Amino acid sequence: MTWRQVFLRKIGYLAGIAVLLGLLAWLGTPPAPSVDREKSSPGGLLAQVRERAGLTPSQLGELDPGGEAVQLATLGMRGVAVHILWTKAENYKKKKDWTNLSASLEQMAKLEPHFITVWRHQGWNLSYNVSVEFDDYRERFRWILRGIDFLKTGIRYNQREPLLYGDTAWIYAQKIGRADEVKLFRRLFMDPNDPYEIHGGRPPRDNWLVGKDWYAAAEKLVDEGAILRTTPLIFFSHRAMCQMNYSDAIEKEGTFGDTAMQAWETALREFRDEFGQRELPSGYDFAPVIRLEEEERIRAEIEELARQIDALQPGLREEMLAERRADLTPEELSAVMTPAEQRTPLQRQIAAAMQLTKLRMTHEQVARRIRDPERRKEALELAKKAVALERTADAIAHNRNIVNYTYWRRHAEVEQTPDAVAARELMYRSEEAYQRNDHITAQELFYEAARKWREVLEKYPDLQYNDFVVNDLAEFINRYMKILDQLDTVFSPDFALQSVVRRYVRNLAAHETLTRLVDRAKQEVEKGDYAAARRDLEEAFREWSNVLDRAASLRLLSDRETVQEIMDTTALYDQVLQALNDTFPGQMTVADVIRIQIAQTPPMKRIKQDMAQANYLLLQSTAPNQLQAARALFEDALPLAADILKQFPHLTRLSERKTVQELLELHENYRRLLATLNEPLPEDYPLREFAEKVIPLIQRESAGSVSPTGESQPHDGNT
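Residues numbered from 1 in each chain as written. Predicted model: local features only at pLDDT ≥ 70, side-chain atom pairs only at ≥ 80, totals over all residues. Heavy atoms only, no water.

> Can you help me understand the layout of surface pockets in this one?
Sizing a probe to match a water molecule and rolling it over the atoms shows the empty space that remains. By volume, the largest pocket is sized at about 1400 Å³. Where the lining of the largest pocket is concerned, the elements lending two or more residues are α9 (162–178), α10 (182–189), α12 (232–252), α20 (405–415), α21 (418–435) and α23 (467–486). In terms of residue class, the lining of the largest pocket is made up of 16 nonpolar, five polar and 15 charged. Its volume calculated, the second largest pocket comes out at about 600 Å³. Lining the second largest pocket are 17 residues, with Gln355, Arg360, Met361, Thr362 and Glu390 positioned closest to its centre. Elements that contribute at least two residues to the lining of the second largest pocket include exactly α14 (295–312), α15 (316–325), α17 (345–356) and α19 (373–403). The greatest single-element share of the lining of the second largest pocket, amounting to four residues, is contributed by α19. Residue classes in the lining of the second largest pocket are distributed as seven nonpolar, three polar and seven charged. (1 Å grid on protein atoms, 1.4 Å probe; cavity = no way out; pocket = protein on both sides within 12 Å on 5 of 7 lines; lining within 4 Å. Points joined across faces, edges and corners; volume = space filled by probe spheres on them. Helix = DSSP H or I, 4+ residues; strand = E, 2+ residues; numbered from the N terminus. Nonpolar A, V, L, I, M, F, W, Y, C, P; charged D, E, K, R; others polar.)

> It is not clear to me how the pattern of salt bridges should be interpreted in this structure. Could you clarify?
Counting across every chain of the model gives 61 salt bridges. Here Arg186 makes a salt bridge to Asp206, at a shortest N to O gap of 2.6 Å. A residue pair is termed long-range when its members are at least 10 positions apart, and Arg186 in helix α10 and Asp206 in the loop between α10 and α11 (207–223) qualify at 20 residues. Asp206 matches Arg186 in its accessibility class, with the two residues each being buried. For Asp472, the salt bridge is made with Arg424, and the minimal N-O distance between the two is 3.4 Å. (Salt bridge = Lys/Arg side-chain N within 4 Å of Asp/Glu carboxyl O. Buried < 20%, exposed > 50% of the residue type's maximum accessible area, 1.4 Å probe, protein only.)

> Even after reading the chapter, I still don't get the nonpolar core, so can you show me in this structure?
For soluble globular proteins, the rule of thumb is that nonpolar side chains tend to be buried together. Formed by 102 residues in total, the largest nonpolar core has its most connected members in Phe446, Phe476, Phe491, Leu497, Ile607, Leu663 and Leu666. Setting aside residues up to four positions removed in sequence, Leu663 forms contacts with Met604, Ile607, Ala641, Ile644, Leu645, Leu651, Leu687 and Phe690. Within the second largest apolar cluster, 77 residues are counted, among which are Ile155, Ala173, Ala226 and Ile396. (Core = buried A, V, L, I, M, F, W, Y, C linked by side-chain atoms within 4.5 Å. Contact = heavy atoms within 4.5 Å.)

> Mind showing me how you'd approach unusual backbone geometry here?
Residues other than glycine predominantly adopt negative phi, and peptide bonds predominantly adopt the trans conformation. Positive phi, close to 65°, is recorded for Leu557, a residue that is not glycine. The phi dihedral of Asn581 is positive, around 55°, even though this residue is not glycine. Mapped onto the fold, Asn581 is located in the loop between α27 (560–579) and α28 (591–599). Given the relative accessible area of 47%, Asn581 is considered partly exposed.

Here's what the structure looks like:
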């Protein structure tokens, strides 16, 4: 290529660049408004498009002259500059250089005021990450507010960005309302003097309600046409949930009565009547828009269509269902036939799987089995409508599950009732009494609260099958177990919420597992395979340990039926150990439950009382009348001890060593008393066999932990 060709090519390049620059300048010419219409200019094509789309800087938010100057100074390298500042900000945070961190954030904001990610990321960063670096809760609170202020600055420049409003609402509500320091933060937020200038001279408001207002502002923007760059379902649920959390928070802080009921009434209205009735995208093409509150209405329409189909040939659906059930295995049939509220977790899985597979019977399948042609045609038309409605109802149900809609709606319905508010108040007063060491009053209020909750469950029976309600009440029972522990007592036999504890335990996977292990062990015992039964039962006791960790109140007999299940498992294990000529391990995982269960029996209570009185008499004097009085007490206790051993024969194989030691103490004290009187043990001595069996076992354990089988038996407590 000659130099002339090279020169002409360069001239061509320069000309092309000039044309493109001219075109870009013409397209991007900014508007030039003027009082004189003839002199005003709408600007280039791009400027006009931005104007129509509402994307000009003046339409997005406030203009910052200083920021505009900084942007011009970067000569089009704003992205690079922001990246550098972002990296610096992260380094300053790691070094805990808060002054330079704040400066970097301000510079980023001036360079890219419309870069939403900067505002969102750094607002969260300040409130959640930087705040926790301080030991003083007041400084943590200050940095949370700095994160909020940073987001508010971003809103000034991006006034039509719902996510910034939503993030501000989230920090007001969730960060302050759910932090570990929630009590301290809420106190600072509601301080009448407003030292942090949160409320702008207005009376302080609850942080949940302030967050709700910000969510309301975000919703208004979306309703007015602002683009929402997140899932609408979750986004629109937040405002109503703030009211739910507010209602819950004021009750935890001691506000009840009409105020609490009105708060819950508002929560129900906003959740059900506003959020539930809002049109939302379903995520499915066949039902692009749904309302969460309409599922029940649609299901009712489907049931009516099904009744119309069934009326065309009565009994057909039941006949088809019987055919399908005949193909089920015994385990599958048992799961399906068990009432839904009584199913174990495994049975729920099996039943759900069967409804989707072997038992799945569509309306169309029923319609096609109708013998009469005319009626079959009519049924197929009805089935077509039912199928379309079912798809819509299933889409609503799927979206409901995401926000747990059914639970929260029912929760608000119940919590607004006088009985539920009264139950919450009794729980609060019980906790207050416990904190001031008035344990008797705390216990009385606790039982009264339990009875009130029982009334609520009887009035709304579906609640006792709701796992969220059961878990909440089980946590309440476990928490208030400390009151009974302080009083050295147990749950009364008529404790009002035993069924809740039972339901909670039955829902645990560990209970499902141990039930299968115990059932298998029973079969192995019937076959005489005691070694296999022992392995399964020891594994079952490990699962019982997991249950007791989750349902700690069982240690104080909160549900006598479940406790009896533990005792039955222990009795089966005792049968196996007796066949193997062995004893219980050194520390049974359920030993505390066994001990407390035995200790609560009338015979054991009387034994302890008689022993205490007899020992007191012997400490006072060894006069003949004192010895005879003590002897009478011991001889009153001995038949009762024999009754205990008949009722709990596994004690002879050391199932619970503390109780065994107490019975041995009775034996030893009585033997010494007779020795003092120069008398032998009577021929019909009730504890003779017990002492002869147990004392060698205790001695053998102390000497070297050797089992009766002659094998080394380290009692490491791993059963």
